[in-house]
Amino acid sequence: QVQLVESGGGLVQPGGSLRLSCAASGSPSSIYAMAWYRQAPGKQRELVARITPGGNTNYADSVKGRFTISRDNAKNTVNLQMNSLKPEDTAVYLCNALIRLTLYGAPNDYWGQGTQVTVSS
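Residues numbered from 1 in each chain as written. Predicted model: local features only at pLDDT ≥ 70, side-chain atom pairs only at ≥ 80, totals over all residues. Heavy atoms only, no water.

What follows concerns the packing of aromatic side chains. Taken as a whole, this structure holds one aromatic pair when the rule is applied. Geometry around Trp 111 places Arg 45 over its ring, the cationic atom sitting 4.6 Å from the centre. (Phe/Tyr/Trp six-rings, centres within 6.5 Å; stacked < 30°, edge-to-face > 60°. Lys NZ or Arg CZ within 6 Å of the ring centre and 35° of its normal.)

What follows is the structure in structure tokens.
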């Protein structure tokens, strides 16, 4: 079995920075795209950033130029560097990965438990 474990959330003032990390436990056969989503109270879950194994990235328009996603394929980790944070970035941030557990198994979506990011003065 595989688990995604996030860390790095917290409280930060507007304009500040935070770095989120997510590690996939276990020894999956393959990890495909990894991503960060966020969900604010009363709002739908939205994609923040996604990265492929080859390093191709895409970002939500609202975070372009402020957030950077990266991954370490050898360590099965994905990070999200968040700079110039705004109050509207406040949300629970969730790690997501498309993972194939075994060589001939079907890939499935896995989710972390979420980490709270609060941007407030």
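For the rest of this paragraph, the subject is the sheet that holds strand β8 (residues 77–82). The strand order β1-β3-β8-β7 describes an open sheet built from four strands, whose pairing is antiparallel. Every other strand in the sheet has two partners, leaving β1 (4–7) and β7 (67–72) as the edge strands with one partner each. Adjacent strand axes in the sheet meet at a mean angle of 15 degrees when their direction is disregarded. By the bridge criterion, six bridges tie strand β3 (residues 18–24) to β8 in an arrangement that is antiparallel. Looking at β8, one finds that Leu 18 is bridged to Met 82. (Pairing = 2+ DSSP bridges. Helix = DSSP H or I, 4+ residues; strand = E, 2+ residues; numbered from the N terminus. Axes fitted to C-alpha atoms, helices over the stretch in contact; angles between N-to-C directions.)

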